[in-house]
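One-letter residues, chain by chain:
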Amino acid sequence: MTGISLKWKYIGLTFLILLCVIGGFSYYNLKYQEKLIREDDIERVRLISDIIKNGLYTIMLEGRGKEFQNFLETLIAEDIEEVRIFHPVTGEILASSVRKEIGKQIYKTDMERFKTQAFPSVFIHSKGQKTLYSMVIPIPNEKPCQRCHKDGKPIRGVLDVEVSMRKTHERITELRNRTIAFSLLTFFSLAAALAVMTTLLINKPIDRLIMTMKEVETGNLDVRFITKRRDEIRKLADSFNSMLDELKRTQEELNRCHVEEMKRIEKMATLGELASAIAHEIKNPIAGISGAMQVLVEDFEDNDPRKETIEEVLKEIDRLDKIIRDLLNFAKPVDPKVIEVDLKSIVEKSLSLVKNQAQKQNIDITFRYDESLDMLQLDPQQIQQVILNIILNAFHAMPEGGQLVIDVKKTDHHAEISISDTGVGIKQEDLKKIFRPFYTTRHSGTGLGLPISSNIIEAHGGEIKVESTPGLGSTFRIILPINKKEKEDREEI
Ligand SMILES: Nc1ncnc2c1ncn2[C@@H]1O[C@H](COP(=O)(O)OP(=O)(O)OP(=O)(O)O)[C@@H](O)[C@H]1O
Ligand SMILES: [Mg+2]
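Residues numbered from 1 in each chain as written. Chains lettered and ligands numbered in written order. Predicted model: local features only at pLDDT ≥ 70, side-chain atom pairs only at ≥ 80, totals over all residues. Heavy atoms only, no water.

Q: Got a minute to help me understand the pattern of salt bridges in this structure?
A: Taken as a whole, this structure holds 39 salt bridges when the rule is applied. When the shortest N-O distance is used, the salt bridge between Glu260 and Arg256 registers 3.0 Å. Of this pair, Glu260 and Arg256 both sit in helix α5 (residues 232-298), four residues apart, roughly one helical turn. On the basis of relative accessibility, which here comes to 42%, the residue Arg256 falls in the partly exposed class. Taken together, the salt bridges that share partners define one network made up of Glu82, Arg84, Glu101, Asp110, Asp160 and Glu162. (Salt bridge = Lys/Arg side-chain N within 4 Å of Asp/Glu carboxyl O. Helix = DSSP H or I, 4+ residues; strand = E, 2+ residues; numbered from the N terminus. Buried < 20%, exposed > 50% of the residue type's maximum accessible area, 1.4 Å probe, protein only.)

Q: Explain the sheet that holds strand β7 (residues 363-369) here, please?
A: Hydrogen bonds between backbone atoms are what pair the strands of a sheet, whose relative direction is either parallel or antiparallel. Taken in spatial order, the five strands make up an open sheet running β7-β9-β10-β12-β11, and their pairing is mixed. What marks the edges here is a single partner per strand, and that holds for β7 and β11 (463-469). Within this sheet the neighbouring strands show an average axis-to-axis angle of 10 degrees, counted without direction. Summarising the sheet, strand β9 (residues 402-410) and strand β10 (residues 414-421) pair through seven bridges and their orientation is antiparallel. The residue of β10 that forms the bridge with Lys410 is Ala415. (Pairing = 2+ DSSP bridges. Axes fitted to C-alpha atoms, helices over the stretch in contact; angles between N-to-C directions.)

Q: Teacher, can you tell me more about the packing of helix α8 (residues 380-397) against helix α10 (residues 449-459) here?
A: The description of two helices packed together rests on the angle between their axes and the distance between the axes. One way to put it is that α8 packs onto α10 with a least axis distance of 9 Å and a crossing angle of 145 degrees. Crossing angle aside, the handedness with which α8 passes α10 is left-handed. Residue-level inspection shows Gln382, Ile383, Gln385, Val386, Asn389, Ile390 and Asn393 of α8 in contact with α10, the latter providing Gly449, Leu450, Ile452, Ser453, Ile456 and Ile457. (Left-handed = near helix turned anticlockwise from the far one by under 90°. Contact = heavy atoms within 4.5 Å.)

Q: Would you mind going over the confidence of the model for the protein chain with me for this structure?
A: Caution is warranted with low-pLDDT regions, since their predicted coordinates should not be read in detail. Within the protein chain, residue pLDDT values average 87, and 97% of them lie at 70 or more. Across the protein chain, β7 holds the top mean pLDDT of 97, while helix α11 (residues 484-492) sits lowest at 48. Note on residues 486-493: pLDDT is under 50 here. Beyond four places in sequence and across chains, it has three contacts. (pLDDT = per-residue confidence, 0-100.)

Q: When you look at the coordination of the magnesium ion (ligand 2) in this model, what are you seeing that I'm missing?
A: Each pair of donors in an ideal octahedron of six around a metal sits at 90 or 180 degrees, and each pair in an ideal tetrahedron of four sits at 109.5 degrees. Protein-derived coordination of the magnesium ion (ligand 2) comes from Asn389 (OD1) and Asn393 (OD1), at a distance range of 2.2 to 2.6 Å. Separated by four residues within a single helix, Asn389 and Asn393 lie in helix α8, roughly one turn from each other. Exposure remark for Asn389: the relative accessible area of 16% places this residue in the buried category. Exposure remark for Asn393: the relative accessible area of 26% places this residue in the partly exposed category. (Donors = N, O, S within 2.8 Å, 3.2 Å for Na, K, Ca; no water.)

Q: Would you explain α10 in this entry?
A: An α-helical turn contains 3.6 residues, so any two residues separated by three or four positions project in the same direction. Along α10, the residues classified as buried are Leu450, Pro451, Ile452, Ser453, Ser454, Ile456 and Ile457. In the core, the buried residues of α10 are packed alongside α6 (305-331), α8, β11 and β12 (473-481). Following α10 by one or two positions, Gly461 adopts a phi angle in the positive range, close to 85 degrees.

Q: Hey, could you run me through the side chain of Ser183 in this one?
A: Structurally, Ser183 is set in helix α4 (residues 166-217). Here Ser26 takes part through its side chain, which lies 2.5 Å from a polar atom of the side chain of Ser183. Excluding residues within four positions of it along the chain, Ser183 makes contact with Ile22 and Ser26. (Polar contact = N/O pair within 3.5 Å; in protein donor to acceptor, adjacent residues only side chain to side chain.)

Q: Looking at this structure, how should I read the site of ligand 1?
A: By nearness alone, 22 residues border ligand 1, and Asn393, Thr440, Thr441, Thr446 and Leu450 come closest of all. The contact in question runs from an oxygen atom of ligand 1 to an N or O atom on the side chain of Thr441, over 2.4 Å. In the complex, the protein chains occlude 94% of the 590 Å² of accessible area that ligand 1 would expose alone. The site holding ligand 1 turns out to be the largest pocket. A total of four residues in the shell around ligand 1 trace back to one element, the largest contributor, which is α8. Each residue belonging to the shell around ligand 1 can be placed in one class, and the counts come to nine nonpolar, 10 polar and three charged. (Near = heavy atom within 4 Å. Areas by Shrake-Rupley, 256 points an atom, 1.4 Å probe, with all protein chains shown as cover. 1 Å grid on protein atoms, 1.4 Å probe; cavity = no way out; pocket = protein on both sides within 12 Å on 5 of 7 lines; lining within 4 Å. Sits in = over half its atoms within 2 Å of the grid points. Nonpolar A, V, L, I, M, F, W, Y, C, P; charged D, E, K, R; others polar.)

Q: When you look at a nonpolar patch on the surface in this model, what are you seeing that I'm missing?
A: Taken together, the side chains of Leu6, Val196, Met197, Leu200, Leu201 and Ile202 make up a nonpolar region of the molecular surface, amounting to roughly 550 Å² of accessible area. Broken down by element, the residue count for the nonpolar patch peaks at five residues, all from α4. One can find Val196 in helix α4. (Patch = residues over 30% accessible without salt bridge, like charges linked within 9 Å, V, L, I, M, F, W, Y side chains within 5 Å.)

Q: Sorry if this is basic, but what is going on with the packing of aromatic side chains here?
A: Two numbers describe a pair of aromatic rings. These are the distance of the centres and the angle of the planes. Under the counting rule described, the total for this entry stands at four aromatic pairs. With centroids separated by 5.1 Å and ring planes inclined at 70 degrees, the aromatic side chains of Phe187 and Phe188 adopt a geometry described as edge-to-face. Taken together, the ring pairs in this structure connect Phe15, Phe187 and Phe188 into an aromatic cluster. (Phe/Tyr/Trp six-rings, centres within 6.5 Å; stacked < 30°, edge-to-face > 60°.)

Q: Would you take a moment to explain the sheet that holds strand β5 (residues 155-164) for this structure?
A: Here five strands make up an open sheet; going across it, the order is β2-β1-β5-β4-β3 and the pairing antiparallel. The outermost strands of the open sheet, each flanked by one partner alone, are β2 (93-96) and β3 (123-127). Ignoring which end each strand starts from, the neighbouring axes of this sheet average 30 degrees apart. In this sheet, β5 lies alongside strand β1 (residues 80-86) in antiparallel orientation, the contact comprising six bridges. Bridging across to β5, Ile85 finds its partner in Leu159. In this fold helix α1 (residues 6-61) packs onto β1, β4 (130-140) and β5, with an angle of close to 40 degrees to the strand it touches most, β4.

Q: I keep staring at the environment of Leu343 and nothing clicks. Help me out?
A: By the secondary structure assignment, Leu343 is in helix α7 (residues 343-361). Once the C-alpha coordinates of Leu343 and Leu376 are considered, the two residues, 33 residues apart in sequence, prove to be 7.4 Å apart. Leave out the neighbours within four places in its chain, and Leu343 touches Tyr369, Leu373, Leu376, Leu378, Ile383, Val408, Ala415, Ile417 and Leu480.

Q: Honestly, the side chain of Thr446 in this entry has me stumped. Any pointers?
A: Among the secondary structure elements, Thr446 is positioned in the loop between α9 (428-431) and α10. Given a relative accessible area of 13%, Thr446 falls into the buried group. Here the side chain of Thr446 touches Asp326 through a polar contact of 3.5 Å, side chain to side chain. At 3.4 Å, the side chain of Thr446 forms a polar contact with the backbone nitrogen of Leu448. Those residues in contact with Thr446 that lie beyond four places of it in its chain are Ile323, Asp326, Phe438 and Thr440.

Q: Hey, could you run me through the layout of surface pockets in this one?
A: To find leftover empty space, one rolls a probe the size of a water molecule over the atoms. When its volume is computed, the largest pocket comes out at roughly 1,200 Å³. Lining the largest pocket are 43 residues, and of these Asn389, Asn393, His396, Arg442 and Gly449 sit closest to its centre. Breaking the lining of the largest pocket down by element, the ones donating at least two residues are α6, α8, β10, α10 and β12. The element contributing the most residues to the lining of the largest pocket is α8, with 10 residues. (Points joined across faces, edges and corners; volume = space filled by probe spheres on them.)

Pasting the structure below:
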């Protein structure tokens, strides 16, 4: 699965945040600067208008009223578009910087503004393609004026000043361009710096770590992640390296155990082969000796003391015979002859075989059976052999008597026969040894009972589990699939 890499996610997110912060801040700053420029220009228009008004007063007071027109014409500089004086009542243009306007009617908007405004203020209006600042200022008939103008009219005329907004637009456009350029420069330099920093500080070490991990995946546990840094990457490297040390140590330990186990298995296999070859060779002579002894014993009187000795010899021959049978049994492959059987009858048959022994040893037996358990596909002889072996082992573990509980029940997909005793128990370290061939703690045991049992149960698709507490007793659980055929089908799927 390949998604967006951590590096690109981080860079992408950082770029987005930068874009929002720088963009937002620049936009706010731009708007604020534009407002300041406009306020500045409005103040400038007000100042220009005042200067013109004062100029007009001076000319009037000096009695040079005829120079009005010339004065207005000289005012047309760079951004002063037009200056005119119109009549406060009729709206007729009395004087204008554009001479041909004289005698014409003033614009309606200017007239309306003059009539409605409480105080003269700068306003913006469009004239053709142009946008202009405009100010309409009444010229009052003040005392000094009344020396010549004695008609008592309060307003002598209205001054109308129009200033071009071209410079304002130019300043705003320049400001906008500069702000955009500066923002982009800031954004790209910060973004580039962040990308380089992310790559150097985070991405590169992560890439190296991934490469080291890949090397480990190929089986090389000698590789290490070396870094000179003293930050979190160093901590990561240290943890990673100590994990590798531990892994290497465990692998070496595992290899050592594996080699030992292989050696042991090889030895056991050779021993097993040897034992079964010997068993084959001595099986027939022993049968001969046993037959001869049986014939011999019949020749003695019942009270003859030699008869007892020969019976002892016969017992030992029986034991030898059992060992040989077990050896041969262990050596040959398990091939269960399965038929449909119920576990209840198998356990009952096994118990009937040990009933006398149990009584002799003062062992109390409890048998519980889950009636919901169906018939199973098993080799009854082999399963009986296993149950008998485990029961007899339990008996051997309870020489002074005790409790034996056999519980047959149904679990999810299995049948479980648990056999618990209150015997001597098995030490934790010996638990893994008891399934090994020839492991026995009994003088007369061969140590083949449990290995043979385990082979049989495995051949049935099941397993044997053991739990034991030394001094308290042991529980052996034989777990069998409920329907071997069904299980095989499931495994194939
Ligand atoms: N219920 C049990 N309680 C205590 N120890 C047990 C129990 N069952 C098995 N063992 C231990 O496991 C060993 C191996 O058992 P296993 O049946 O393989 O061989 P064995 O009983 O010694 O000889 P045999 O081959 O005659 O069965 C026993 O010698 C005993 O030490
Ligand atoms: Mg046994």
